[in-house]
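# Report on the structure
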Amino acid sequence: MTLHLPEGPFRAWLFDMDGTIADSMPLHYLAWKQALAEYGCNDFPEDLFYAWGGWPVTRIIATLNERHALSMPVEEVAHRKENLYYELLPQLTAVPEVLEQIEEAHQRIPFAVVSGSTRDSVTASLRALHLKDKFDVLVCAGDYTHSKPDPEPFLLAAKKLNVPPESCLVFEDTQMGIQAATAAGMKSVRILQPWERKQTQPVG
């Protein structure tokens, strides 16, 4: 499936990481389920995981603590979840239609990753996909104060690339990310979620 990009011209492309460049959301969910179960939380349904797509890891854990009257150690669970994800990285693949765009436009236009994941997680995913050298800027959890749907992460990436926000095109798989891009004054392309891509595949 080929992506249809809005009319430009654009001077920079900003990509979310998980679910946009990397088809990593199913792997992240496996890591979440195991990490949370180890700390006594067995109630994190898949639809809620996708609804919270783009949230920082620590925010997810803190919110689950509040919802279920738990006291999971936030940083400890976050660290465990990240390590479990790293163990799954050999299974990681790129989202084909996004990879196609990256390969075609590399060295013609600057790229940034704008993610709610940690820098270590983003870097590990890019290296697993052999894409690390294609990105000029990484904006990750800890680099900004307000996460998506606030526009701050995308505005920070535009500033680091020295490109006006209105000249940036955003690739995102979550509604929260699309809202952040719109609030930043940027046009966007929505990447289908894994189950949506399966539904659009031709039969036979």
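Structural data are supplied above this passage.
### A closer look at the side chain of Thr-123
- Within the fold, Thr-123 resides in helix H6 (residues 119-128).
- Here the side chain of Thr-123 touches Arg-119 through a polar contact of 2.8 Å, landing on its backbone oxygen.
- With residues up to four places along the chain from it excluded, the contact list for Thr-123 reads Lys-132 and Leu-138.

### A few points about the layout of surface pockets
- In this structure, the largest pocket encloses a volume near 220 Å³.
- Lining the largest pocket we find 13 residues, and of these Val-57, Glu-75, Ala-78, Glu-82 and Thr-118 sit closest to its centre.
- Listing elements by their share of the lining of the largest pocket, those giving two or more residues are helix H3 (57-68) and helix H4 (74-88).
- Here the element with the most residues in the lining of the largest pocket is H4; it accounts for six residues.
- The class makeup of the residues in the lining of the largest pocket is five nonpolar, five polar and three charged.

### Some details on the pattern of salt bridges
- Counted according to the given criterion, the structure contains seven salt bridges.
- Two residues, Glu-172 and Lys-148, come together in a salt bridge whose shortest N-O distance is 2.6 Å. Here the residue Glu-172 occupies a position in strand S4 (residues 168-172), and Lys-148 occupies one in the loop between strand S3 (137-139) and helix H7 (152-161), the gap between them amounting to 24 residues. Note on accessibility: Glu-172 and Lys-148 belong to one class, buried.
- By sharing partners, the salt bridges in this structure join Asp-16, Lys-148 and Glu-172 into a single network.

### Considering empty space enclosed by the protein
- Scanning the entire structure with this criterion turns up one cavity of 30 Å³ or more.
- Lining the largest cavity are 18 residues, and of these Asp-18, Met-25, Gly-54, Trp-55 and Ser-117 sit closest to its centre.
- Secondary structure elements with two or more residues in the lining of the largest cavity: helix H1 (25-38) and H3.
- For the lining of the largest cavity, the per-class residue count stands at seven nonpolar, seven polar and four charged.

Rules of the game
As a convention, each chain's residues are numbered from 1 in the sequence order in which they are written. Given that this is a predicted model, residues contribute local features only at a pLDDT of at least 70 and side-chain atom pairs are listed and counted only at 80 or more, while totals for whole chains, interfaces and linings are drawn from all residues. Neither water nor hydrogens contribute to the side-chain values; these are computed over all heavy atoms in the structure. Counting from the N terminus, the helices are DSSP H or I runs at least four residues long and the strands are E runs at least two residues long. Polar contact is defined as a pair of N or O atoms within 3.5 Å, subject to the rule that within protein one atom must be able to donate a hydrogen and the other to accept it, and that residues adjacent in sequence are counted only when both atoms are side-chain atoms. Only heavy atoms enter the contact rule, under which two residues are in contact if any of them lie within 4.5 Å. As defined here, a cavity is a set of points on a 1 Å grid over the protein atoms alone where a 1.4 Å probe fits but cannot get out. A pocket is an open set with protein on both sides within 12 Å along at least five of seven lines, and residues line them when an atom is within 4 Å of a point. Grid points are joined across faces, edges and corners, and a volume is the space filled by probe spheres set on the points. Under the scheme applied, nonpolar residues are Ala, Val, Leu, Ile, Met, Phe, Trp, Tyr, Cys and Pro; charged residues are Asp, Glu, Lys and Arg; polar residues are all the others, including Gly. Each salt bridge in this description consists of a side-chain nitrogen of Lys or Arg and a carboxyl oxygen of Asp or Glu lying within 4 Å of one another. Buried, partly exposed and exposed residues are distinguished by accessible area as a fraction of the type maximum, computed with a 1.4 Å probe on protein chains only: under 20%, between the cut-offs, and over 50%, respectively.

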